[in-house]
Amino acid sequence: MRKEDTVKLISAEGFEFVVDKEAAMVSQTIHNMLTSPGSFAERQHGEVTFPEISTTILEKICQYFYWHLQFASGKETEFPIEPELTLELMMAANYLHT
């Protein structure tokens, strides 16, 4: 896969997740960061840092991006969320508009 087809998402702890750009675009916030006109660092470097999102939560968000691409067509499946992650995940999803 070509570098321009991926985006690097970086957690608060500095852990890097390299995901397909199409998957990352599930988030309206990431979509805007990567496609807005101008010379934003996120667009130029293909990476987005989330200083407020922990590695555990960002990993779950990345899993959701791929789940959404696979099942958004209307298939009835549930995305598994561990109860202890619920609050942090909801706050991150709100920020990312997912």
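Residues numbered from 1 in each chain as written. Predicted model: local features only at pLDDT ≥ 70, side-chain atom pairs only at ≥ 80, totals over all residues. Heavy atoms only, no water.

A few words now on the pairing of strand 2 (residues 16-20). Bridging between strand 1 (residues 6-10) and strand 2 involves five bridges; their strand directions are antiparallel. Following the sheet pairing, L9 is matched in strand 2 by F17. Joining the antiparallel neighbours strand 1 and strand 2 is a turn of five residues, in which G14 adopts a positive phi near 95 degrees. (Pairing = 2+ DSSP bridges. Helix = DSSP H or I, 4+ residues; strand = E, 2+ residues; numbered from the N terminus.)

This brings us to the pairing of strand 1. The buried fraction of strand 1 amounts to four of the five residues, a majority that puts the element mostly inside the structure. Note that strand 1 and strand 3 (residues 47-49) share three bridges and pair parallel. Residue pairing across strands places L9 opposite V48, the latter belonging to strand 3. (Buried < 20%, exposed > 50% of the residue type's maximum accessible area, 1.4 Å probe, protein only.)

This part takes up the pattern of salt bridges. By the definition in use, this model includes three salt bridges. Linking K8 and E16 is a salt bridge whose minimum nitrogen-to-oxygen distance equals 3.5 Å. You can call E16 partly exposed: its relative accessible area is 43%. As a salt-bridge pair, K60 and E82 come within 3.3 Å of each other at their nearest N and O atoms. (Salt bridge = Lys/Arg side-chain N within 4 Å of Asp/Glu carboxyl O.)

To continue, consider the side chain of S54. Considering the arrangement of structural elements, one finds S54 in the loop between strand 3 and helix 4 (55-71). For S54, a relative accessible area of 16% translates into the label buried. With near-sequence residues (within four places) excluded, S54 lies in contact with S11, E13 and E88. (Contact = heavy atoms within 4.5 Å.)

Glancing now at the confidence of the model for the chain. Here the chain averages 89 in pLDDT, while 95% of its residues score no lower than 70. Within the chain, the element-level pLDDT minimum falls on helix 3 (residues 41-45), averaging 80, and the maximum on strand 2, averaging 97. (pLDDT = per-residue confidence, 0-100.)

What follows is about helix 4. Here helix 4 spans 24 Å end to end across 17 residues, near enough to the 24 Å set by a 1.5 Å rise per residue. Residues of helix 4 that are buried: I57, L58, K60, I61, C62, F65, W67 and F71. Looking at the buried residues of helix 4, the elements they touch are strand 1, strand 2, helix 1 (21-24), helix 2 (28-35) and helix 5 (86-96). (Expected span 1.5 Å × (residues − 1).)

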